[in-house]
Amino acid sequence: MLTQERVETVPFLDLPAQHRALRSELEAALERVLDRCNFCSGDEVAGFEKSFAEWLGVKHCVGVNSGTSALHLALIAAGVGLGDEVITVPMTFVATTWAISYVGARPVFVDVDLETRTMNAEQVERRITPRTKAIVPVHLYGQPADMKELLDISRRRGIPLIEDAAQAHGATYRGRPVGAMGQSGCFSFYPGKNLGACGEGGAVVTDDDDLARRMRALRDHAQSRRYHHEEVGFNYRMDGFQGAVLSVKLKYLEDWNDSRRQLAARYQRLLEDLPLEVPVEAPGRRHVWHLFVVLHPERDALQRGLQSRGVQTGLHYPVPVHLQTAYKHLYHQVGDFPVAERIGRECLTLPMFPSMTWSQQDQVVEALHEVLGEIG
Ligand SMILES: *Cc1c(COP(=O)(O)O)cnc(C)c1O
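Rules behind the numbers
- Sequence order as written defines residue numbering, which begins from 1 separately in each chain.
- pLDDT decides what is reported in this predicted model: residues at 70 or higher carry local features, side-chain atom pairs at 80 or more are listed and counted, and totals for whole chains, interfaces and linings draw on all residues regardless.
- Side-chain measures here rest on the full set of heavy atoms in the structure, leaving out hydrogens and waters.
- Runs of E in the DSSP output that reach at least two residues are strands. Runs of H or I that reach at least four are helices, and both are numbered from the N terminus.
- Here's how the labels work: a residue is buried when its accessible area is under 20% of the maximum for its type, exposed when over 50%, partly exposed in between, all with a 1.4 Å probe on protein chains only.
- Computed with a 1.4 Å probe, the accessible areas rest on the Shrake-Rupley method; for each residue, only the protein chains presented here act as cover.
- A positive count includes Lys and Arg, and a negative count includes Asp and Glu. His and the chain ends are not counted in either.
- By convention, charge coordinates are those of NZ in Lys, CZ in Arg, CG in Asp, or CD in Glu.
- An automatic or database domain assignment supplies the residue ranges for each domain.
- Every residue pair with non-hydrogen atoms within 4.5 Å of one another is taken to be in contact.
- Two parts placed together each lose some accessible area; with a 1.4 Å probe, that loss summed over both constitutes the buried area.
- In the analysis that follows, any N or O atom pair within 3.5 Å is treated as a polar contact, provided that within protein one partner can donate a hydrogen and the other can accept it, and provided that, for residues neighboring in sequence, both atoms belong to side chains.
- The criterion for strand pairing is that DSSP finds at least two bridges linking the strands in question.
- To get an axis, a line is fitted to the C-alpha atoms, and for a helix only the part in contact is used. The angle between two axes follows their N-to-C directions and goes from 0 to 180 degrees.
- Only buried residues count toward a nonpolar core. Its members are Ala, Val, Leu, Ile, Met, Phe, Trp, Tyr and Cys residues joined through side-chain atoms within 4.5 Å.
- Helices are assigned an expected span. That span is 1.5 Å times one less than the residue count.
- Here, the arc refers to the directions that run from the helix axis to the C-beta atoms.
- Here, proximity means that at least one heavy atom of the residue falls within 4 Å of the molecule or strand.

**Section: the overall build of the chain**
Next up, step 1: Counting secondary structure elements, the chain contains 12 helices and 14 strands.
Next up, step 2: Along the three orthogonal principal directions, the C-alpha set of the chain runs to about 80 × 55 × 35 Å.
Next up, step 3: Relative to its full complement of 376 residues, the chain shows a buried share of 55%.
Next up, step 4: Of the roughly 16800 Å² of accessible surface on the chain, a fraction of 50% belongs to carbon and sulfur atoms.
Next up, step 5: Put simply, the chain has 41 plus and 48 minus side-chain charges, and the middle of one group is 4 Å from the middle of the other.

Here it is, written out as structure tokens:
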């Protein structure tokens, strides 16, 4: 008689597990907001801003309603406007370039480096023109970009650096936290990020008092005082419930990042002998492994094979930004940014979350062995 073996699914990420572990603490925090009705900004948000700024070692944190809003405010504060150019990468989540488009500027792309998958600093200078008003590197997947080189260029050319740190809470470059090195740093607290709200959220951090004051006003209808609006503002305030949730979760972030790092090291060891391009931590950097992205030429077959063995995977990101229909007015074509395009074709994101068990990870590795054996 055949025995039916039940295949457990390995989820891509396990948010329910995170929330089960923190359930009572989160409920108490949410009840505090409900009791005090500080729903829009308010003390819970102010409390989170203070802890997040201290944790990063920056002077100011401006809590907002998403990472996209954070990038938008950072670009306005940097003085980027209509007709300006902003240098960034085509291999990122598209929100990086949305913010550039919102201020009426043009994204100017430089390719990413294959090893680190972040901005290829060597290609930046030749894309600088008199209109270049900002450089926006992305700490993609949790790996810090080449900050020494980028900060050098920024200082030498007088062009502000705005860090997209939406995937890299707690990553460091030569000991310095990402987000705290440029003129400003932008974070997202979308639920699946390394630090995630129970809903939408984001923050801009900076050491500059004037920029912080302006961004604080801008997120709240540009009110310096109530009903006095000095410029066109936004409703980008952080939700009170999210501030409360984020204060609870921030205390666990270091431990969660450590777990991700252990899992990443274990993946690297277990995948060593497979015909896969496995991601690495670049020297001098502390990678926080928001995503563990391998490359393989038969990506789609690999993904299907893993799916049939109960392993959920993701794609980050299958269509580079320069080839998105939304940016067809930039007239880019296939071949313009070969590394980003190769990542787009070959990327496959393996399950990675702090509470992942070794047996779940073993199941992923075993499934990879089997599928790669079949694909050849
Ligand atoms: C998630 C993300 C954003 C946008 O953040 P939201 O909170 O979803 O608006 C921006 N850039 C990168 C690289 C991201 O991963």
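After presenting the structure, the write-up continues.
**Focus: the domain arrangement of the chain**
Frequently, the measure chosen for interface size is the accessible area removed from exposure when the parts meet.
Next up, step 1: With domains assigned, the chain is organised as domain 1 (18-250) and domain 2 (252-375).
Next up, step 2: A C-alpha centroid distance of 24 Å is found between domain 1 and domain 2.
Next up, step 3: Taken together, the contact pairs 47 residues of domain 1 with 39 residues of domain 2.
Next up, step 4: Summed over both sides, the interface between domain 1 and domain 2 buries roughly 3600 Å², with carbon and sulfur atoms accounting for 60% of that surface.
Next up, step 5: Looking at the side of domain 1 facing domain 2, the largest losses of area belong to Arg-117, Tyr-141 and Asn-194, adding up to 21% of the total buried there.

**Topic: the side chain of Thr-313**
Next up, step 1: Mapping Thr-313 onto the fold places it in the loop between α10 (299-308) and α11 (338-346).
Next up, step 2: By relative accessible area, which is 15% here, Thr-313 ends up buried.
Next up, step 3: Polar side-chain contacts of Thr-313 include one of 3.1 Å to the side chain of Gln-303.
Next up, step 4: Not counting residues up to four positions away in its chain, the partners in contact with Thr-313 are Phe-12, Gln-303, Leu-306, Leu-348, Thr-349 and Leu-350.

**Quick notes on the sheet that holds strand β4 (residues 132-135)**
Next up, step 1: Spatially, 3 strands are ordered β3-β2-β4 in an open sheet, and the strand pairing comes out parallel. Two strands bound the open sheet, and with one partner strand each, they are β3 (106-109) and β4. Taken pair by pair, the neighbouring strands of this sheet meet at an average axis angle of 30°, ignoring direction.
Next up, step 2: Sheet topology places strand β2 (residues 85-88) next to β4; 3 bridges connect them, and they run parallel. In the sheet register, Ile-87 faces β4, and the bridge partner there is Ile-135.

**Topic: the nonpolar core**
Next up, step 1: With 60 residues, the main nonpolar core has Phe-52, Val-124 and Phe-189 as its most contacted residues.
Next up, step 2: At the level of elements, α3 (43-56), β3, α6 (147-157), β9 (202-206), α8 (240-250), β13 (292-295) and α11 are the ones that each hand at least two residues to this core.
Next up, step 3: In terms of residue count, the dominant contributor to this core is α3 (5 residues).
Next up, step 4: Two domains share this core, each providing at least three of its residues, namely domain 1 (18-250) and domain 2 (252-375).
Next up, step 5: Of all hydrophobic cores here, the second largest spans 26 residues; its members include Leu-73, Leu-75, Cys-186 and Tyr-236.

**Comments concerning the environment of His-322**
Next up, step 1: You can see His-322 is positioned in the loop between α10 and α11.
Next up, step 2: Between the C-alpha atoms of His-322 and Ser-355, which are 33 residues apart in sequence, the distance is 35 Å.
Next up, step 3: With near-sequence residues (within four places) excluded, His-322 lies in contact with Pro-90, Phe-109, His-332, Gln-333, Asp-336, Phe-337 and Glu-341.
Next up, step 4: At a separation of 2.7 Å, a polar atom in the side chain of His-322 contacts the side chain of Glu-341.

**Focus on helix α2 (residues 23-36)**
Each α-helix turn comprises 3.6 residues. Residues three or four places apart therefore point the same way.
Next up, step 1: A rise of 1.5 Å per residue sets the reference length of α2, with its 14 residues, at 20 Å; its end C-alpha atoms lie 20 Å apart and thus fit the reference within 8%.
Next up, step 2: Taken together, the buried positions of α2 are occupied by Leu-26, Ala-29 and Val-33. Considered in projection along α2, the buried side chains sweep an arc of 65° and stay on one side of the axis. Set apart from the buried face of α2 by more than 90 degrees, the exposed residues are Arg-23, Ser-24, Glu-31, Leu-34 and Asp-35.

**Some points on the site of the ligand**
Next up, step 1: Lining the immediate surroundings of the ligand are 15 residues, of which Gly-67, Thr-68, Gln-167, Ser-188 and Lys-193 lie closest.
Next up, step 2: Here Asp-164 contributes a side-chain N or O atom positioned 2.8 Å from a nitrogen atom of the ligand.
Next up, step 3: Between the ligand and the protein, one listed contact pairs an oxygen atom with a side-chain N or O atom of Lys-193 at 3.1 Å.
Next up, step 4: Those elements that provide at least two residues to the shell around the ligand are α4 (67-77) and α5 (95-102).
Next up, step 5: With 3 residues, α4 is the largest single contributor of residues to the shell around the ligand.

**A few points about helix α12 (residues 358-375)**
Next up, step 1: When the terminal C-alpha atoms of α12 are compared, their 25 Å separation across 18 residues agrees well with the 26 Å that a helix rising 1.5 Å per residue should span.
Next up, step 2: Residues of α12 that are buried: Gln-360, Gln-361, Val-364, Val-365, Ala-367, Leu-368, Val-371 and Leu-372. Looking straight down α12, one finds its buried side chains confined to an arc of 160°; they lie on one side. Seen from the buried face of α12, the exposed residues on the opposite side, beyond 90 degrees, are Trp-358, Ser-359, Glu-366, Gly-373 and Glu-374.
Next up, step 3: Tucked into the core, α12 has its buried residues touching α9 (253-270), α10 and β14 (347-350).
Next up, step 4: Downstream of α12 by a residue or two, Gly-376 has a phi angle that is positive, lying close to 85°.

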